[in-house]
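# Descriptive analysis of the structure
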Amino acid sequence: MKLKNFYHLHGHRLKVSPQATLEVAKDVKCTVSCMRNEDCFSFNVKKISSNLFLCELLNTSKFLDSDNLTRDENFAHWYLQEPCNPLLCGDESQGKCVIDSDGTAVSCNCSEKYEAKRCEIRIYDAKRNYALNKPTTASVRDYISQRAVDGNSNSNWYGNSCYETLYEPVPHWWRVNFEEEIQVARVVITNRGDCCGDRLSNFGIKIGNSLKENGVTNPACGETHLAVPQGQTKTFACSPPMKGQYLVIHSFLTDRPMVFCEVQAYAYP
Ligand SMILES: [Ca+2]
């Protein structure tokens, strides 16, 4: 971003909430501050006194938020000549910034998973179980950890669709990898039914991006000490919805194994 790329409109202010407000001795310092901040795309400047200026650094532009460009004799609005900085349309969402034919407005072409003006809202499939068939790992008996996301909620151990740790080692944990950061609002867990229901009577659900201590240190979804009665399926709400690539189930019990037959994760309540 170069100084010369900025143009200005006297008597105008882009009226959006600023990402930062500064008071500076020279208005050129607003330009420098905006250039140093990669999320700054434009700014408003107001003269407060002979040697003091107020600048409002903005993370949007007059092209994208043209409805908010207002007449204000006290301000000047500074904007980029080339408004299609890749960050403008969501750096995570891979949106593409497109200038209209007369060069007065910008729109964002969002990738399929995103929407909204700046492609900042991720769209999830409300019916999709995001844990289904995703890679899993566990503190022990890794080779059967996948059973908990095989799409089969059969609660009979002999149906070969449940996961269970051994008595040792402790603590017990199991983890599914969504392979991307998603939003989780609801976790549905089915306990074993043919016996041993108390093996899922004091556990926690963790969601986040950390693998520290096998992911157990991630934030908790819902209450800390959870239980599912033998043979039943229970829904746990993460409210507000939580973001993360990993979902971990860990037991606080050290005198018995941990068992469950299916774990489902949904993006909406
Ligand atoms: Ca299963």
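Criteria and cut-off values
Residues numbered from 1 in each chain as written. Predicted model: local features only at pLDDT ≥ 70, side-chain atom pairs only at ≥ 80, totals over all residues. UniProt positions renumbered as here; feature names shortened; annotations may be inferred. Helix = DSSP H or I, 4+ residues; strand = E, 2+ residues; numbered from the N terminus. Buried ≥ 20, exposed ≤ 12 C-beta atoms within 10 Å, placed from the backbone. Contact = placed C-beta atoms within 7 Å. Pairing = 2+ DSSP bridges. Axes fitted to C-alpha atoms, helices over the stretch in contact; angles between N-to-C directions. Core = buried A, V, L, I, M, F, W, Y, C linked by C-beta atoms within 7 Å.

Per an unreviewed UniProt entry, the recorded name for the protein is Partial, and the organism is Paramuricea clavata. Comment text from UniProt for the protein, heading Function (unreviewed entry), reads "Acts as a defensive agent. Recognizes blood group fucosylated oligosaccharides including A, B, H and Lewis B-type antigens. Does not recognize Lewis A antigen and has low affinity for monovalent haptens."

With that settled, consider the overall build of the protein. When helices and strands are counted, the protein shows one helix and 16 strands. Reported as C-alpha extents along the three principal axes, the dimensions of the protein are approximately 80 × 40 × 25 Å. In the protein, which comprises 269 residues, the share counted as buried stands at 35%. Contacts in the protein between residues far apart in sequence, at least 24 positions, make up 68% of those at least 6 positions apart.

Pairing within the open sheet is antiparallel, and its five strands lie in the order β1-β5-β3-β4-β2. Both outer strands of the open sheet, β1 (6-14) and β2 (20-24), are each paired with one neighbouring strand and no more. Neighbour-to-neighbour, the strand axes of the sheet open up by a mean angle of 25°, direction not taken into account. Both β2 and strand β4 (residues 52-58) contribute to a ladder of five bridges, which runs antiparallel. The residue of β4 that forms the bridge with Glu 23 is Leu 54.

To continue, consider the nonpolar core. Grouped together as the largest cluster of nonpolar side chains are 34 residues, with contacts concentrated most on Val 184, Val 187, Leu 247, Phe 260 and Val 263. If you list the elements that add at least two residues to this core, you get β12 (173-190), β13 (203-208), β14 (233-251), β15 (259-260) and β16 (262-266). The residues touching Val 187, leaving out its near neighbours within four places in the chain, are Ile 205, Cys 221, Phe 236, Cys 238, Leu 247, Val 263 and Ala 265. Core analysis: the second largest hydrophobic core is formed by 24 residues, Leu 14, Leu 58, Leu 64 and Leu 80 among them.

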